[in-house]
Amino acid sequence: MYAERTAKGNVLEPEGMIEIKFRTKELLECMGRLDQHLINLKESLQAARGSGDPGVVEALKVQIRSREKQLLPVYTQIATRFAELHDTSLRMASKGVIKEVVDWENSRSFFYKRLNRRVAEGSLVKVDDPRNYEEQLQELRVEKILLQLSSIGESTSDLQALPQGLAGLLSKVEPSSRVQLVEELRKVLS
């Protein structure tokens, strides 16, 4: 599956999501952790409870409830935005729910190229000769690597980093494959 950049993948609307995930209780707990004024009021309430003055305790409780009531719409708005961001096309692509994000402006050429490739693959498979298919795939792989290397060749800094990159690649390859790869590179370089 593919999605356009502005597509949403949510099953529930963000408001419905926060009614389930971020109920008022959770939002109040979050306020209690993050809002410094509320933290100070709660500390004062604890101190007032220790002193035993019921008038001060009640006044602080009223101030706390007032502050929570004042902050609740802001925290609800933040939770809604968080729920919206959770279901963007880029998030879906990073989680593997969709294959790729395709911009609307580029979609026609993107899907044309994809369809063209799939048709070519299908025609190769119909020939019923797996060697033909493997040879064609190898040619395509060579073409892909050539494009990537030519883009590296356009940048001086990338060219300077190429030996270190190759060394890193060789360190990750299995020893038996590494020997073969080094031999092939020597043939090309000499």
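Residues numbered from 1 in each chain as written. Predicted model: local features only at pLDDT ≥ 70, side-chain atom pairs only at ≥ 80, totals over all residues. Heavy atoms only, no water.

An unreviewed UniProt entry lists the protein under the name CoA carboxyltransferase C-terminal domain-containing protein, from Aquilegia coerulea.

A. Here's a closer look at the overall build of the protein. If you tally the helices and strands in the protein, you get nine helices and two strands. In the protein, the succession of helices and strands from N to C terminus is β-α-α-α-α-α-β-α-α-α-α. In terms of C-alpha radius of gyration, the protein reaches 30 Å, well past the compact-globule figure of 16 Å for 190 residues. Split into buried and exposed, the 190 residues of the protein put 18% on the buried side. Long-range contacts, defined as pairs at least 24 residues apart, comprise 62% of the intrachain contacts of the protein with a sequence gap of at least 6. For the protein, the computed accessible surface area is about 14800 Å², with 57% contributed by carbon and sulfur atoms. (Helix = DSSP H or I, 4+ residues; strand = E, 2+ residues; numbered from the N terminus. Rg over C-alpha atoms; globule rule 2.2 N^0.38 Å. Buried < 20%, exposed > 50% of the residue type's maximum accessible area, 1.4 Å probe, protein only. Contact = heavy atoms within 4.5 Å. Areas by Shrake-Rupley, 256 points an atom, 1.4 Å probe, with all protein chains shown as cover.)

B. Main features of the packing of aromatic side chains. Going through the model one piece at a time under the given rule, you end up with four aromatic pairs. For the pair Y2 and F111, a centre-to-centre distance of 5.4 Å together with 85 degrees between the ring planes defines the contact as edge-to-face. On the criterion of sequence distance, the pair formed by Y2 in strand β1 (residues 2–3) and F111 in helix α6 (residues 107–126) is long-range, its members being 109 residues apart. Ring centres of F110 and F111 lie 5.0 Å apart, and the angle between their planes is 85 degrees; on these two criteria the pair is classed as edge-to-face. Residue F110 is classed as partly exposed on the basis of its relative accessible area, which comes to 22%. Looking at F111, the relative accessible area reads 37%, which means it is partly exposed. Members of the aromatic cluster, joined through ring pairs, are Y2, F110 and F111. (Phe/Tyr/Trp six-rings, centres within 6.5 Å; stacked < 30°, edge-to-face > 60°.)

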